[in-house]
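# A look at the structure
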Amino acid sequence: MKKYFKLFIAALVALVFIGTFVFLWRKSQPKPVVYQELTAQKQDIRRTTIITGKIEPRNEVNVKPQISGIIAELMKEPGQTVQQGEVIARVKVIPDMGQLSSAESRVRLADINLRQVETDFTRTEQLHRQQMVSDEEYDKARQQLRQAQEEKAAAVDALQVVRDGVSKSNASASSTLIRSTISGVILDIPVKVGNSVINSNTFNDGTTIATVANMQDLIFRGNIDETEVGQLAIGVPMKISIGALQDLSLDATLEYISPKATEANGANQFEIKAAVAVPTTEGATTIRAGYSANAEIVLAQVSHVLAVPESAIEFQGDSTFVYVVTGKTADQTTYERRPVTTGLSDGVNIEIKSGVKADDRLRGPQVIAEEEENE
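Computed from a predicted structure; not experimentally measured.

## What about the overall build of the protein?
For the protein, the helix and strand inventory stands at 4 helices and 21 strands. Put simply, of all contacts in the protein between residues at least 6 apart along the chain, 72% involve residues at least 24 apart.

What follows is the structure, given as structure tokens:
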């Protein structure tokens, strides 16, 4: 009994060994290689490039105060629409003590001068009635009175402007009221009530009260590599897609190519700008300044040409070849290596200018046949 058991074990080990050997032998055999077959077809080929950039207003204006002071009131908020001349904020003036003292002194001097001129005019007027003063002297005295009165009014106005930022005579054009210089949308109001602001002068750009832009006049700004900029021309159409608005595609027209390159990540790039066609229909999606966007530009295109997938082309130096099917049996397919002249490629398909006809069957990419199920 033990003898048969040993024989059974030996036979089992031998069977496992043989099975393993057969499996490894089959795995080591070269797998059959087959190729896809295809034909050249007429189609349009476009070579495009994608440029990354952002959407910006063409004109973005910083509204600054004409006087220094403290923000007393804000009438608008970011996102609201304003018209040119509309008030955005009101500034409370903090007068300069030197200027205030000078203005007050001017008022006092003008008042003293006016009282003296009024006294002189009263005396001259009485003498004129008694015909003891000529008409010429009377007219001169009256003119001096008017000048003194005007000087007093001007001094009072100047004092009010220095002290309050506005005078009674020009209240409608008060410099304490910060008005928008253009019509558009308020993009930002970087100040708050109580913030100190200064006007623009020789030594300072001034405090920005608000940033306003016309959001119906937008541009796309991006950079293109120097290897592709030579294929662009002013006026070419572009398609703009915005990452935040997946379903929106905008038309644009290239209107500017920088004449000077800038270095970015070790490569020379040129700035471009394109005018964006903003939808004006009711209910159109709001486009916001600063959106990241991609621009697709057609660098070259051909229409209704014979083309094949680029994977069917064999490149050898400056030459290109295809394999044309010349015969086919159940076990084997024969090919003819044929030189071809290629044209424009879009990275997937390539134009065939000569060497292949529309009805020729070509060898496509290689396909590794799967092994049959293990027995």
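Past the structure itself, the notes keep going.
## Thoughts on the sheet that holds strand S8 (residues 184-188)
Reading across from one edge, S3-S10-S8-S5 is the order of the 4 strands in this open sheet, with antiparallel pairing throughout. At either end of the open sheet lies a strand with only one pairing partner, and these are strand S3 (60-63) and strand S5 (81-82). Across 4 bridges, the pairing between S3 and strand S10 (residues 210-213) is antiparallel. Counterpart to Val 63 in the pairing with S10 is Ala 210.

## Describing the packing of aromatic side chains
Under the defined criterion, the tally for this structure stands at 1 aromatic pair. Positioned above the aromatic ring of Tyr 256, the side-chain terminus of Lys 273 is 5.1 Å from the ring centre.

## Description of the pairing of strand S19 (residues 333-345)
Consecutive residues of a regular strand have side chains that alternate between opposite faces of the sheet. Taken together, the 8 bridges between strand S18 (residues 319-328) and S19 define a ladder with antiparallel strand orientation. Its bridge partner lying in S19, Val 325 is registered against Tyr 335. The pairing of S19 with strand S20 (residues 349-354) spans 3 bridges and is classified as antiparallel. Bridge pairing in S20 places Thr 342 opposite Ile 352.

## Side note on the confidence of the model for the protein
The predicted model of the protein averages 84 in pLDDT, with 86% of residues at 70 or higher. Helix H1 (residues 2-28) is the least confidently modelled element of the protein, averaging 68 in pLDDT, while S10 averages 95, the highest of any element. Taken together, the stretch residues 371-375 has pLDDT below 50 and engages in 5 contacts with residues farther than four places along the chain or on a different chain.

## Thoughts on unusual backbone geometry
For Gln 131, which is not a glycine, the phi torsion comes out positive at approximately 60°. Residue position: Gln 131 is located in the loop between helix H2 (97-129) and helix H3 (135-164). Within the chain, His 304 stands out as a residue other than glycine whose phi angle is a positive 55°. Along the chain, His 304 falls in strand S16 (residues 292-309).

## Notes on the nonpolar core
Ile 55, Phe 220, Met 238, Ile 240, Ile 242, Ile 272 and Ile 287 are the most contacted members of the largest nonpolar core, which totals 27 residues. At the level of elements, strand S2 (41-57), strand S11 (218-225), strand S12 (237-242), strand S13 (245-257), strand S15 (267-276) and S16 are the ones that each hand at least two residues to this core. Looking at this core, the element that brings in the most residues is S13, giving 5 residues. When near neighbours in sequence (up to four residues on either side) are disregarded, Ile 55 contacts Leu 218, Ile 219, Phe 220, Ile 240, Ile 242, Val 276, Ile 287, Ala 289, Gly 290, Tyr 291 and Ala 293. In this structure, Val 63, Val 82, Ile 189 and Ile 209 belong to the second largest nonpolar core, which totals 14 residues.

## Let's talk about the sheet that holds strand S4 (residues 69-74)
Strand order in the open sheet made by the 4 strands is S7-S6-S4-S9, with antiparallel pairing throughout. For this open sheet the edge positions go to strand S7 (177-179) and strand S9 (196-197), each flanked by a neighbour on one side alone. The sheet contact formed by S4 and strand S6 (residues 87-93) spans 5 bridges and is antiparallel. Bridge pairing links Ile 70 to Lys 92 in S6.

## Structural notes on the environment of Leu 248
You can see Leu 248 is positioned in strand S13. Among the residues examined, Leu 248 registers a relative accessible area of 17% and is labelled buried. Distance in space between the C-alpha atoms of Leu 248 and Ile 287 is 10.0 Å, their sequence separation being 39 residues. Once you skip the residues sitting within four places of it in the chain, Leu 248 turns out to touch Ile 240, Ser 241, Ile 242 and Ile 287.

## Details of the environment of Ala 154
Note that Ala 154 resides in helix H3. For Ala 154 and Arg 106, which are 48 residues apart along the polypeptide, the C-alpha to C-alpha distance reads 9.5 Å.

## Here's the deal with the side chain of Ser 180
By secondary structure assignment, the location of Ser 180 is in the loop between S7 and S8. The contacts of Ser 180, once residues within four sequence positions are left out, are Val 63, Val 82, Gln 83, Gln 84, Gly 85, Glu 86, Ile 88 and Val 212.

## Some details on the pattern of salt bridges
The full count for this structure, using the stated rule, is 20 salt bridges. A salt bridge links Arg 106 to Glu 151, with the nearest nitrogen and oxygen atoms 3.3 Å apart. A residue pair is termed long-range when its members are at least 10 positions apart, and Arg 106 in helix H2 and Glu 151 in helix H3 qualify at 45 residues. For Arg 106, a relative accessible area of 35% puts it in the partly exposed group. Asp 120 serves as the salt-bridge partner of Arg 123, at 3.3 Å between the closest nitrogen and oxygen.

Thresholds applied
Residues numbered from 1 in each chain as written. Predicted model: local features only at pLDDT ≥ 70, side-chain atom pairs only at ≥ 80, totals over all residues. Heavy atoms only, no water. Helix = DSSP H or I, 4+ residues; strand = E, 2+ residues; numbered from the N terminus. Contact = heavy atoms within 4.5 Å. Pairing = 2+ DSSP bridges. Phe/Tyr/Trp six-rings, centres within 6.5 Å; stacked < 30°, edge-to-face > 60°. Lys NZ or Arg CZ within 6 Å of the ring centre and 35° of its normal. pLDDT = per-residue confidence, 0-100. Core = buried A, V, L, I, M, F, W, Y, C linked by side-chain atoms within 4.5 Å. Buried < 20%, exposed > 50% of the residue type's maximum accessible area, 1.4 Å probe, protein only. Salt bridge = Lys/Arg side-chain N within 4 Å of Asp/Glu carboxyl O.

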